[in-house]
Amino acid sequence: MSMRSPDFTLAAGPTTVSARVLSAQGSPVTYHYDPAFLERFRTLGELVGRVYGTENDIILMQGEAVLGLEAAVVATVRPGMKVINLVNGPYGKGMGYWLRGHGAEVVEVETGYREVPTPEMIEAAVLANPDAELLAVVHVETPCGTVSPLREIGAICRDNGVVTLVDAVASLGGVEIHPDEWGLDICVSAPQKCLGGPSGMSMLAISQQGWDLIAKNSNAPRDSFLSILDWKDKWLEGEKFPYTPSVSDVYGVFAACEQILEEGVDAAVLRHARTAAASRAGVLAMGLELWPLDPATAASSATAVKLPAGLTDSHVRDHIRRRYGVMISGALGAGDLVRLGHMGETARSLYPIIGLSALGQGLRDLGCEVDVGNGIDVAMAALSESPNL
Ligand SMILES: *Cc1c(COP(=O)(O)O)cnc(C)c1O
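First things first, this report covers the structure right here in the doc. Keep in mind the model is a prediction, meaning the values are calculated, not measured.

What follows concerns the site of the ligand. Near the ligand there are 13 residues, and of these E64, Y91, T142, D167 and K193 occur at the shortest range. The contact in question runs from an oxygen atom of the ligand to an N or O atom on the side chain of T142, over 2.3 Å. Contacts to the ligand include K193, whose side-chain N or O atom sits 2.7 Å from an oxygen atom. Looking at the shell around the ligand element by element, the count peaks at three residues for helix α3 (residues 65-76).

Below, the structure written as structure tokens:
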């Protein structure tokens, strides 16, 4: 017999999607050059620009965010080019492999995975490497549940003429990000995290400085699934598709964007912050430890919880999924932790209580001493302090 679907998906993406997104995905599949679809796709670019709050060009590539990230690397990196890469988690680490793989001379600013780099560290690296052309940063290192000081990073890079490549996959819609004000040049995000949409699309916002850097790279791919330039030349400049978009996903992402714009992006960011604050308070009140060493660096989109000694993330997650029908996220190699996602739909109401009770009781079932009642009490008190948005 096949396994029943979980009752609650509180993972760090893909996450629970709304009925509105689900039904939009069930819309009739149109031909991609049907005028109605062309209008949809054009409007989706505008909606994504509004979610980002940017005037920069929007490129929508039809593949999970890893496509957009890899496309940004191959578009920008020339052999021998110097790149500063901030590494404080698995996504930053992976970015370094890509950068080096395409011939960049990579200077890594590395911290432990329970920390984030400080503006002072970044400024020192930028000043010590005046020939660096690009700096890569992961805004929210989802596997560690941490958020980097992106506003300051953007300012340092802009002041020193360094182009920024930002993995904003787990921040857009849930954590404050302002590409234009903060001087962020190439942002890559996706719908399946804080926007509560389907996975399967990369959403890029590219500034003129970003395009100028790409223009310097004579090896930037053309006529390739990985080509950002194909999308610029064909879609932005002529409404032709380099390849067929995933039509159903486009409808789903459209609904997810409409939904967050109706709510207001700032309101959604507050909703994520409120849910995360309740989760963190509950974790601590149960007697557990947060993974981020400084709570001020804890991200609003996922709460990473250090596991008590002797347990593995897969053991804990399997137990919680089987016993309680709740799916939470593992560590993705970041350390001995599990993660309670609060993204999109699950960043409201009593979802954090479900996550906390499943985790707390699950750990107790496995022999740990956890004060589940106190955790729920404190988390509920935190939630009762502000309205359910
Ligand atoms: C989810 C996520 C991605 C996309 O990668 P997948 O693991 O394939 O979903 C990229 N970067 C960050 C920071 C993410 O959270």
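The seven strands lie next to each other as β2-β10-β9-β8-β5-β3-β4, forming an open sheet whose pairing is mixed. The open sheet has two edge strands with one neighbour each: β2 (57-61) and β4 (105-110). In this sheet, neighbouring strand axes are inclined to one another by 20° on average, regardless of whether the strands run parallel or antiparallel. With five bridges connecting them, β2 and strand β10 (residues 202-206) associate as antiparallel partners. Counterpart to I59 in the pairing with β10 is L204. Relative to the sheet, helix α9 (residues 228-238) contacts β2 and β10, its axis offset from that of β2 by approximately 110°.

In the contact formed by helix α13 (residues 351-365) and helix α14 (residues 372-384), the axes pass within 9 Å of each other and the chain directions differ by 170°. Between α13 and α14, the interaxial angle falls into the category roughly antiparallel. The handedness of the crossing between α13 and α14 comes out as right-handed. Of the residues in α14, those touching α13 at P352, I353, L356, S357, G360, Q361 and R364 are V372, I376, A379, M380 and L383. Here the contact of α13 with α14 is composed, by residue class, of eight nonpolar, three polar and one charged.

The rules behind each value
- Residues numbered from 1 in each chain as written.
- Predicted model: local features only at pLDDT ≥ 70, side-chain atom pairs only at ≥ 80, totals over all residues.
- Heavy atoms only, no water.
- Near = heavy atom within 4 Å.
- Polar contact = N/O pair within 3.5 Å; in protein donor to acceptor, adjacent residues only side chain to side chain.
- Helix = DSSP H or I, 4+ residues; strand = E, 2+ residues; numbered from the N terminus.
- Pairing = 2+ DSSP bridges.
- Axes fitted to C-alpha atoms, helices over the stretch in contact; angles between N-to-C directions.
- Contact = heavy atoms within 4.5 Å.
- Parallel < 35°, antiparallel > 145°, perpendicular 65-115°, else oblique.
- Left-handed = near helix turned anticlockwise from the far one by under 90°.
- Nonpolar A, V, L, I, M, F, W, Y, C, P; charged D, E, K, R; others polar.

Take it as geometry only, folks, not as evidence of what the structure does.
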